[in-house]
Each structure stands twice: as C-alpha cells, then as structure tokens.
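What the coordinates show
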Amino acid sequence: MSRVFNFSAGPACLPLEILEEAKEELLDYAGTGKSIMESSHRSPEYDHIHNEAQDLFKELLGLNDDFKVLFFGGGASAQFAMLPMNFLKEGQVADYVVTGTWSKKAVKEAKLFGDVNIAADPSVDGNFVRIPKAEELRLSENAAYLHLTSNNTIAGTQWHDFPDVKCPLVADMSSDFLWRPFDANKFSMIYAGAQKNLGPSGVCAVIIRKDFLESAKEKVPSMFSYGVQAEKNSLFNTPPCFPIYMVGKNLRWLKNKGGLAALERENRAKGELLYGTIGKHADYYRCPVDVDSRSLMNVVFRLPTEALEKKFIAEAKEKGMIGLKGHRSVGGIRVSIYNAVSINAVQSVCDFMESFLKENG
Ligand SMILES: *Cc1c(COP(=O)(O)O)cnc(C)c1O
C-alpha cells in the first residue's frame, strides 16, 4: 500500500489510524456480526456512537449544558438556508460579514428569507485578501444575528480573533473547526461540514445555544427545524450514521493527541514551516493574503506564471503530493493542512518547493 500526501481542501485527508480502525470494524462492528452501516439508527450500538460524538464535541470545546450538538445532512450549504429560515424574523435584519465565496453563498440564501445587511466586505475587485477588523463592522440595531465564515477555504484567510457583539454570533467553521482552543461560549451557533477538518462528507455538525434555539421561528418544516432536531436528538429521521461514526472516531483521535491545545501547537508549527518557506522566496512564491489574515488551514500562493503552477502541481503529484491545485475560481496553489495532515507531509511540500525553485527559478 502506498498512501499519498493529501493536501486536498475537502473531502480531505483523514488520520490513518481512524481509517484503519474503521477497516478493522467494517464487517463486524463491536461483535454485533454486522457493519455499523447495516445497523439501525435506533440500535444501542449506534445510539452509543451518536451520543459519544456529541459528548466529545462538548468536551473538546469546554461547553456546558447550555449547548446542544446536532447533526444534519445537506452539508454546510444547507445551513446557509436553515439559519435564516429559523432565525431571521419579520422586522429584523441579518448581518453578514462577507470574506469570500462561502459567505457570499450564505448571503444569497439569507436574502430569500428577509433583509440582509453586509456588515463588512473587504474585497477589492472581487479579491478577498484579508479579514476585516472588528471596528470596521457596521452592525444593525435589530440584528437577528451576525454571521461570519471563520476560515475562507478558497481565499486562504482566517479570523484569528472573533468580534464581541451584542447580537447572537453565528459562524460557519467548516474548514477550521477544532484546529485550536477558542471561546465557543461566545457563539450562539457554530456549524461545520465534516469533510474538511472533522471526518468524511455527509454530515454537518451544529453546536447551538439552547436560548438561541428557543428564539427560533415556529413555522419551519420539521426536517429544517433546529428545534425539532434538538427535541429528537438529531434522530428525527435517519441521520448519516456512517459519517457520524467517523466523526466520532476523529474526535477521539483529537482528544488522544492532547486535545485542542496540542493541536494548535502542531498546526502553528506546520503553518510556520510553510509560510516560512514562502517568505524566504517571496519573489517567487507569492502569497496574496495580508500577513495577519493568513489561514493556518489553507495556504494559498502563486508562482510567477500559470505554466509554472501547472508544472509545480504535476511534478508534486509524481512525488506523491496531491490536492495542491487552487480552487478553480482563483487558480494558483493551495496547500490544505488540516489537523490530519502531518508535519512530515508539510515538510515534504517545503522541500519540494525548494527543489522546484532551484530547477525553475
Ligand atoms: C466547503 C465549505 C462549505 C460547503 O460545504 P458543503 O458541505 O459542501 O455544503 C461551506 N463553508 C465553508 C467555509 C467551506 O469550506
């Protein structure tokens, strides 16, 4: 078996240990004589997986019973619509900070349900290279909530401090959830599609404050209602059992590594290595992102020409490094270095950058 170094933005690299565990259990989960994929979502074995995953989220984030952990299908994109469907009421405005493609999509959905105020949009000519400062935010008096995208998977920007606001704060943390410790108590709702930093695709985790939940609108279809899902413990209908099982394994893996503080140290070391290499050769590898807005999850940069970028991606692939192509909307190179990407993998990209520059600089 030969595994590649996978720098894909998502679905992304998973820890080998948890894939092996899943393989081990695939045909006979915990002596039940069947796969967890073949088990009822009402069975005791699945029940345990479901509840343990919820508990691990709370434990890793240091949350008390003021919060509920919910699981939804439909990816983070479904949340773009569900959030305003549940919480944007008549006479209110939803505040959105626009920092890239994903926040723009969230705005588009919110506009279907009510009034939207763009609290900040730091783009220049359609390019997003920075996160706005807290004092730049123009917040509404009667805001239902303020929505932000904590990490911009395509632009390679990331919020390093979250603003203090009076209205409920909501974040799409799909591409950087659980990369470091942070004050989750500050948020009324956090959602994250699993396939970047949490597990395989197919499930979106939602962490929601009970008091926020109670303020939701009443007439919402059951499948899209946070209230109904909370009441049914995310078992209103058949949940994505297998992805939840994998998320649970990943959370246990994070915990066993030493939790979020240990992960932050590792993620910062990976980022320093990669940004260090870029910085050392800044006239060849150009990172378009402002220094204090740079993402430690998705590192983007350009080479002098598109032809060189193509060559870089092709040669890296030959050396077993894949997923380095920037998003089709922006081009360039993108190295996604989520929790499961090892420092060895990052070192090998840096070594390759050095040798590529020697031969093509
Ligand atoms: C990938 C991504 C999404 C979309 O996720 P889906 O699960 O495909 O709907 C939304 N927001 C961010 C920040 C993302 O990185």
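The following refers to the structure shown. Here the structure is a predicted model, which means the values were calculated and not measured.

As a further point, take unusual backbone geometry. Going from Gly 10 to Pro 11, the amide bond is cis rather than trans, its omega being -10°. For Ala 30, which is not glycine, the phi dihedral falls at a positive 45°. Structurally, Ala 30 can be placed in the loop between helix H1 (16-25) and helix H2 (44-61). Judged by relative accessible area, Ala 30 falls into the exposed class, the value being 62%. One non-glycine residue with positive phi stands out, namely Ser 234, at about 60°. One can find Ser 234 in the loop between helix H6 (226-231) and helix H7 (241-256).

Here we take up the pattern of salt bridges. Summed over all chains, the structure comprises 16 salt bridges. Residue Arg 252 is joined to Glu 52 by a salt bridge in which the shortest nitrogen-to-oxygen separation is 3.2 Å. Of this pair, Arg 252 sits in helix H7 while Glu 52 sits in helix H2, placing them 200 residues apart in sequence. Measuring nitrogen to oxygen at the nearest pair gives 3.1 Å for the salt bridge that ties Asp 164 to Lys 186. Pair noted here: Asp 164 is in the loop between strand E7 (157-158) and strand E8 (169-172) and Lys 186 is in the loop between E8 and strand E9 (189-193), with a separation of 22 residues, a long-range link.

A few words now on the site of the ligand. Ser 77, Thr 153, Asp 172, Gln 195 and Lys 196 are the nearest of the 13 residues found near the ligand. Between the ligand and Ser 77 there is a distance of 2.6 Å, counted from an oxygen atom to a side-chain nitrogen or oxygen. One nitrogen or oxygen atom from the side chain of Asp 172 is found 2.6 Å from a nitrogen atom belonging to the ligand. Across the complex, the protein chains shield 88% of the 390 Å² of accessible surface that the ligand would expose by itself. Considering every element that reaches the shell around the ligand, the biggest residue donor is helix H3 (residues 75-87), with 4 residues.

Another point: the environment of Ala 110. Relative to the elements of secondary structure, Ala 110 occurs in helix H4 (residues 101-110). For Ala 110, a relative accessible area of 0% corresponds to the buried category. A C-alpha to C-alpha distance of 8.1 Å links Ala 110 and Leu 88, two positions 22 residues apart in sequence.

The full count for this structure, using the stated rule, is 21 aromatic pairs. Plain terms: the ring middles of Phe 57 and Phe 71 are 6.4 Å apart, the flat faces sit at 50° to each other, and that makes the pair tilted. Of this pair, Phe 57 sits in helix H2 while Phe 71 sits in strand E2 (residues 67-72), and the two are 14 residues apart along the sequence. Considered together, Phe 57 and Phe 71 belong to a single accessibility category, that of buried residues. Counting every residue linked through ring pairs, the aromatic cluster contains Phe 57, Phe 71, Phe 162, Phe 177, Phe 182 and Phe 187.

Conventions we followed
Residues numbered from 1 in each chain as written. Predicted model: local features only at pLDDT ≥ 70, side-chain atom pairs only at ≥ 80, totals over all residues. Heavy atoms only, no water. Helix = DSSP H or I, 4+ residues; strand = E, 2+ residues; numbered from the N terminus. Buried < 20%, exposed > 50% of the residue type's maximum accessible area, 1.4 Å probe, protein only. Salt bridge = Lys/Arg side-chain N within 4 Å of Asp/Glu carboxyl O. Near = heavy atom within 4 Å. Polar contact = N/O pair within 3.5 Å; in protein donor to acceptor, adjacent residues only side chain to side chain. Areas by Shrake-Rupley, 256 points an atom, 1.4 Å probe, with all protein chains shown as cover. Phe/Tyr/Trp six-rings, centres within 6.5 Å; stacked < 30°, edge-to-face > 60°.

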